[in-house]
Amino acid sequence: MLYADTPERVEKRLARLGADWAMARAIERTQTEPASSAGSTLQLPPEAFTSDALGLERLIGRNNLTPVAFLEEGVQVSRSVGRITISGPGGGHGTGFMVSPSLLLTNNHVLRGTQDASRSKVAFAFQDSVDGSPLLPAVFQLEPLRFFVTDRALDYSLVAVAPRGAQGEDLSLFGRLMLSEAQGKVLIGEFVNIIQHPRGEPKQIALRENQIVDVLERFLHYECDTREGSSGSPVFNDQWEVVALHHSAVPKTDAQGRPLSVDGAVWQPEMGEQQLAWLANEGVRISRVLGALHEVPLTGEAARLRDEVFTARLTPPPGSSAPPMAPLNGESATRGTNGSIPGTNGSQGWTITQAGDSTTQFLLPLRISIGFDASSFSSTAVLAPPPALAPVPPAGRPDVASAVEKDVDAALINHRVAQERPYYDRVADAAAREAYYANIRTGDGDALRRALTKLLAESHEPQPKYKPMRLVYPWVDLHKDGQLRSIYSGKDFSAEELIRADATVAQARLARVQELLLLESTAGPVEFEAEFDALEASMPFNCEHVVPQSWFGKQEPMRGDLHHLFACEVGCNSFRGNFPYFNFPNFEEAVREACGMRESVGFEPEEGKGAVARATLYFLLRYPGQVGDVAREFPEDRLPLLLQWHASEAVTEYELHRNAAIAEIQGNRNPLIDHPEWAREIDFSGVWP
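S.K.: What should I look at first to understand the sheet that holds strand 8 (residues 193-196) in this one?
M.R.: The strands making up a sheet associate through backbone hydrogen bonding, with each pair oriented either parallel or antiparallel. Pairing within the open sheet is antiparallel, and its 7 strands lie in the order 9-8-12-13-14-11-10. Strands at the two margins of the open sheet, each flanked by one partner only, are strand 9 (204-206) and strand 10 (212-215). Looking at each pair of strands side by side, their axes are set apart by 35° on average, direction ignored. In the sheet, strand 13 (residues 242-251) pairs with strand 14 (residues 278-285) via 7 bridges, with the strands oriented antiparallel.

Here you go:
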């Protein structure tokens, strides 16, 4: 790690550890290597590798041996970490930690404002004891009206905590974590430790094997295990200094900063959050949080509380009261004005014992030596504000507008090129159809179904992701007059009109999704998925899945399969929802929306019944067993309805064009369009679960 980070950062890190380059390089050498041969490789013949040469114990890889005191100190600092619970609508859990006698630090996306904070509590000691039984937590109300500062860009919130808990507990029992703006607290390649409440569970720790992989201007990236509810956790180095405020996971991105999917393609919101490829976890550098906090204009009591975050003062250990102090190493000394023992080079030393111990019989002494650089402190021991930081956009956050605009440009180019092509080449398509079904034999309904399912699956290559702006509107769903036509209402639209309308929706979605990606937050995978579903429902595209996405869990390749995607204005798309198709008696006389009629039993479209029936029958053949397993989906007793709509409306040139265009893009075809007569022969009984 001496070479993984910048020399300047390494220098600061070594200085903070009280080491220098000579010592650091010496540690790199093997025990048997002479100092003069630093960097060379020690050569021994195979027969020399005996226990005499090697000893009986070895360090495997890097040295992971750590003093036991490391664990004891970890227990001490963990007491200042608590679980935040937000009550009411949109509530959940997060993590926070005390950074002054009165103030708790967490993420902005955990506590967005005073309203969230006012209905929130923090529980300390929400954890298991050594015998596995739960401890009794101490619960404190948050008091944002007394103090609340938040910063969305740096994703932090600082809030006051009530001095007394629900059972009269004293907040001071849980101490505080000292924060420092000093540089050199961690390097790329070092490990960090995160104390957290994942999913709102009892306190847990991700210990040591969590490597720093990048240090950015405002963020640290590290490989570490966290879960929803871990947001707001302190990230520690091995000296138990807070180096970052954990806030989110970071998706993998391309050179343009666009998030990537698990298959390496550029991720789009319509793919679903389960397709995101994740790079690392991310924490906000604590020095950046403190720098921003300095700049917040505060007066009176609020300013005093803020200043306590920067005040270097020793807090008595949990469970103690005005602990007695004794000289270090048994030497006599004169106490300073704060009860400490002056040391050399500006250091101060304390020996602290548990309450009730005498100064002559220590049961658990804790010795602390703190060095102060006088040039870094004012007369009131408050760190001087650093120079104002210029705003830096978060790394890995794509430019939403430019990303969507590229899709718009590509879609419009595709549309212009498509208009120069023949709308439907009947001769060429007949030859393609004959070649496609060359090995299909009729005469046995079950065998025909199985053969078609196999053919549709094997020839479905490539499998495009769901992107109607690029794949549906420019060419596939055009009518011969060059217009798009709503599958349910029959209303006409230009391709550019729907492309730009969906671009506006995509831009709004992507902006919101970027916020969600930052917010590992109080929401877990289930809650995130619910927010994502609500986002899509509130901002739908002008594209209809005739087999609703909820019926197959929005999974690919079903979601992007062009055979069941049709242009459909937002109003009709939302009106249909995920209701199954249905035939209403006396439909013509019924009061209905422009796109059809809907009741609790189902939805009957105004237009396009034959086309949607054939698209649904294709889906049943291509994905047998994927729908029909719950009452709301398409049950087997609705098959006659599809067959009736198929028979009552003949295949049109529009559908022939669609089928040929889709075959060019994703390889497979719709047998019900190519051979409408097969609908009477295919045994569909095997397509339901």
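S.K.: Explain the pairing of strand 5 (residues 138-141) to me, please; I cannot follow it from the model alone.
M.R.: Regular strands show a simple pattern: their side chains alternate between the two faces of the sheet. Here strand 5 shows a clear split, with Ala138 and Phe140 buried on one side and none of Val139 and Gln141 buried on the other. With 4 bridges joining them, strand 4 (residues 120-124) and strand 5 adopt antiparallel strand pairing. Residue pairing in the sheet places Lys121 in a bridge with Gln141 of strand 5.

S.K.: Which parts of the structure should I look at to understand the side chain of Asp155?
M.R.: Here Asp155 shows up in the loop between strand 6 (148-151) and strand 7 (156-160). One buried charge, Asp155, has no salt-bridge partner; the nearest side chain with opposite charge is Arg112, at 7.2 Å. A distance of 2.7 Å separates the side chain of Asp155 from the side chain of His109, its partner in a polar contact.

S.K.: Just to check I follow, could you spell out the environment of Arg79 for this structure?
M.R.: Examined against the element boundaries, Arg79 turns out to sit in the loop between helix 4 (69-78) and strand 1 (81-86). Given the relative accessible area of 30%, Arg79 is considered partly exposed. On a C-alpha basis, the gap between Arg79 and Leu173 in space is 8.6 Å, while along the polypeptide they are 94 residues apart.

S.K.: Teacher, can you tell me more about the nonpolar core here?
M.R.: A general tendency of soluble globular proteins is for nonpolar side chains to be buried together. In terms of nonpolar packing, the biggest core is built from 51 residues, with Leu452, Tyr488, Val546, Tyr581, Phe619 and Phe684 touching the most fellow members. Going through the elements one at a time, helix 10 (445-458), helix 14 (570-576), helix 15 (609-622), helix 16 (639-648), helix 17 (653-666) and helix 18 (671-674) are the ones with two or more residues in this core. For this core, the element with the most residues is helix 15, which contributes 9 residues. Not counting the four nearest positions on each side in its chain, Tyr581 is found in contact with Tyr488, Val546, Arg576, Phe603, Pro605, Val612, Thr616, Phe634, Arg638, Leu641 and Trp645. Core analysis: the next-biggest nonpolar cluster, separate from the first, contains 32 residues, Val81, Val149, Leu177 and Leu293 among them.

S.K.: Before we go on, may I ask you to explain the packing of helix 11 (residues 468-476) against helix 17 in this structure?
M.R.: Angle between the axes and distance between the axes are the two parameters that describe a pair of packed helices. Contact geometry of helix 11 with helix 17 gives a least axis separation of 11 Å together with a crossing angle of 140°. On the basis of the axis angle, helix 11 is oblique to helix 17. Between helix 11 and helix 17 lies a crossing of right-handed hand. Counted together, Leu471, Trp475 and Val476 of helix 11 and His657, Arg658, Ala661, Ile662, Glu664 and Ile665 of helix 17 form the full contact between these two elements. The class makeup of the residues in the contact of helix 11 with helix 17 is 6 nonpolar, 1 polar and 2 charged.

S.K.: Help me understand the packing of helix 10 against helix 15, please; the structure alone is not making it clear to me.
M.R.: Contact geometry of helix 10 with helix 15 gives a least axis separation of 8 Å together with a crossing angle of 90°. With respect to helix 15, the element helix 10 is oriented roughly perpendicular. Between helix 10 and helix 15, the contacting residues are Arg449, Leu452, Thr453, Leu456 and Ala457 on the first element and Tyr618, Leu621 and Arg622 on the second. For the contact of helix 10 with helix 15, a count of residues per class yields 5 nonpolar, 1 polar and 2 charged.

Reading guide: rules and limits
- Residues numbered from 1 in each chain as written.
- Predicted model: local features only at pLDDT ≥ 70, side-chain atom pairs only at ≥ 80, totals over all residues.
- Heavy atoms only, no water.
- Pairing = 2+ DSSP bridges.
- Helix = DSSP H or I, 4+ residues; strand = E, 2+ residues; numbered from the N terminus.
- Axes fitted to C-alpha atoms, helices over the stretch in contact; angles between N-to-C directions.
- Buried < 20%, exposed > 50% of the residue type's maximum accessible area, 1.4 Å probe, protein only.
- Lys, Arg positive; Asp, Glu negative; His and termini not counted.
- Salt bridge = Lys/Arg side-chain N within 4 Å of Asp/Glu carboxyl O.
- Polar contact = N/O pair within 3.5 Å; in protein donor to acceptor, adjacent residues only side chain to side chain.
- Core = buried A, V, L, I, M, F, W, Y, C linked by side-chain atoms within 4.5 Å.
- Contact = heavy atoms within 4.5 Å.
- Parallel < 35°, antiparallel > 145°, perpendicular 65-115°, else oblique.
- Left-handed = near helix turned anticlockwise from the far one by under 90°.
- Nonpolar A, V, L, I, M, F, W, Y, C, P; charged D, E, K, R; others polar.

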